[in-house]
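Working through the structure, step by step
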Number of protein chains: 2
Amino acid sequence: MAELTERGRRTRQRIVEETGRQILAAGIGGTTLDDVRAATLTSKSQLFHYFPGGKDELVRAVAEWEGAQLMAAQEPWVHDLSTRESWEAWRQALVDYYIGQGRWACPIGSLASEAAARNPELAAVVAQAFRDWGALLAAGVRRMQDAGRLGGHVDPDRVAASIMSAIQGGLVLSQPLHDPWPLEAALEQALHALDTPAPR
Amino acid sequence: MAELTERGRRTRQRIVEETGRQILAAGIGGTTLDDVRAATLTSKSQLFHYFPGGKDELVRAVAEWEGAQLMAAQEPWVHDLSTRESWEAWRQALVDYYIGQGRWACPIGSLASEAAARNPELAAVVAQAFRDWGALLAAGVRRMQDAGRLGGHVDPDRVAASIMSAIQGGLVLSQPLHDPWPLEAALEQALHALDTPAPR
């Protein structure tokens, strides 16, 4: 992709974003290249120029882009998280991001459910997104410990997994209810893991 | 459906189960009535005899059946939950159920993601399944409180939502990793909400 012109880059990005929208609305199985072409006014040869691997490659590009968006929404707090206040600012930015999506869905979480059984390469992209995300949150938990705000017996990786699970599962419950309260309750409970003080 | 013979009931059930398998493997969007007919060796007229509303009605029947299976897997503990031991037996039965599915997926949770935006009637079935499930778990939390094992300041509905979110989100993370550890970490953290003793 190094040789893409600015215009080519924009066209490629337009295709990725439209595919992401269709996947959120109809699932991977319900998304067709024909629909993507129609919505982006691109020809078959254009589409395969940018994505020689066809739908599979396009869906992976969507996963990578959605993952980058999700991480960007957590800036800059996700790189700090050394205080409870920093975690709170992070939490608020993330919840605002999901609200801004217009529905209670995590693009990466939605892909995870569809990817696991059917598309091992996509599952690998999703698994890596979760690992990268978990590593950042675990680093924050360690900063809390290093600063003496959290007991050293707490396992940073398990706390990170609990918090990510609360987000994903809270969204699963909030979606059909059209109400964010399960997400907020789950995240609050998961963040209680940060309230175990270091012994004095 | 009152007039179904035993044979008719079995055929209908066979169609429901096969559709559930295809939805888990390909999503609602990737499941077609033609594929279901081929796998169950049923004719178009048979299929529409049992499901006059077509695919939408069939998918709702799958959601109801999966919801019933999920609740049955939690018997009998889900009706007790008055002690930490009862919660532990419940947790184990539920995790065994998900392992027994052969993949880390909750049939109801998977439907929730696909249903919310596209199919309001299905979203209503899924929302009701979550509400029924949450009501049982909240009743267990109240039994813990009535027995003096848990503080009265704890909100049973929020605890129930946290626990269900940990399950759903833990599965979302466990799927692409092919490893149940995020589910176990998330559920352990959510169940800590039950460890707040009543003041003496």
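Rules used in this analysis
- Residues numbered from 1 in each chain as written.
- Chains lettered and ligands numbered in written order.
- Predicted model: local features only at pLDDT ≥ 70, side-chain atom pairs only at ≥ 80, totals over all residues.
- Heavy atoms only, no water.
- Phe/Tyr/Trp six-rings, centres within 6.5 Å; stacked < 30°, edge-to-face > 60°.
- Helix = DSSP H or I, 4+ residues; strand = E, 2+ residues; numbered from the N terminus.
- Buried < 20%, exposed > 50% of the residue type's maximum accessible area, 1.4 Å probe, protein only.
- Contact = heavy atoms within 4.5 Å.
- Buried area = accessible area lost by both parts, 1.4 Å probe.
- Salt bridge = Lys/Arg side-chain N within 4 Å of Asp/Glu carboxyl O.
- Polar contact = N/O pair within 3.5 Å; in protein donor to acceptor, adjacent residues only side chain to side chain.
- Nonpolar A, V, L, I, M, F, W, Y, C, P; charged D, E, K, R; others polar.
- UniProt positions renumbered as here; feature names shortened; annotations may be inferred.
- Least-squares fit on C-alpha atoms with pLDDT ≥ 70 in both.

**Description of the packing of aromatic side chains**
Residues and elements named next belong to chain A. Following the criterion strictly, the structure yields four aromatic pairs over all chains and no others. Their ring planes at 80 degrees and their centres at 5.4 Å tell us that tryptophan 87 and tryptophan 90 sit as a pair that is edge-to-face. Here the residue tryptophan 87 and the residue tryptophan 90 both occupy positions in helix 5 (residues 84–100), the gap between them amounting to three residues, near one helical turn. The class for tryptophan 90 is buried, based on a relative accessible area of 0%.

**Some remarks on the interface of chain B and chain A**
Residue-level contacts link 46 residues of chain B with 46 residues of chain A. Of the roughly 3,300 Å² buried between chain B and chain A on both sides combined, carbon and sulfur atoms contribute 65%. Among the residues chain B hides against chain A, the three largest losses belong to B:Arg158, B:Leu173 and B:Gln189. Together they make up 17% of the total. Viewed at the interface, chain A and chain B are joined by two salt bridges. Among the ionic pairs, B:Glu188 bridges to A:Arg158, the shortest N-O distance being 2.8 Å. Counting across the chain B and chain A interface gives five residue pairs in polar contact (both at pLDDT 80 or more). For the side of chain B that touches chain A, the secondary-structure elements that each account for two or more residues are helix 1 (6–26), helix 6 (107–118), helix 7 (120–146), helix 8 (156–177) and helix 9 (181–191) of chain B. If you tally residues by element for the side of chain B that touches chain A, the top one is helix 8 of chain B, at 15 residues. By residue class, the composition of the side of chain B that touches chain A is 24 nonpolar, 14 polar and eight charged.

**So, the UniProt feature "domain: HTH tetR-type" (unreviewed entry) in chain A**
Mapped onto the present numbering, the UniProt feature "domain: HTH tetR-type" (unreviewed entry) falls on residues 18–62 of chain A. With 71% helix and 0% strand, residues 18–62 of chain A has end C-alpha atoms that lie 9 Å from one another.

**Notes on the relation of the copies chain B and chain A**
For the pair chain B and chain A, the relating rotation is 180 degrees, the translation along its axis is 0.0 Å, and the fit reaches an RMSD of 0.0 Å. Look at the turn and shift together and you get a two-fold axis relating the two. Rotation axis and chain B: the residue whose C-alpha lies nearest the axis is B:Gly169, separated from it by 1.8 Å. Taken as a fraction of all interface residues of chain B, those also at the interface in chain A reach 100%, which identifies the copy contact as same-surface.

**Remarks on the pattern of salt bridges**
In this structure the tally under the stated criterion is 18 salt bridges over all chains. B:Glu18 is the partner of B:Arg21 in a salt bridge, and the nearest nitrogen-oxygen pair spans 3.2 Å. Taken as a pair, B:Arg21 and B:Glu18 lie in helix 1 at a separation of three residues, close to a single helical turn. One salt bridge connects B:Asp34 with B:Arg37, and the closest N-O pair in it is separated by 3.6 Å. With B:Asp34 and B:Arg37 both in helix 2 (residues 33–40) and three residues apart, this pair spans about one turn of that helix. In this structure, a network of salt bridges that share partners links the residues A:Glu6, A:Arg9 and A:Arg10.

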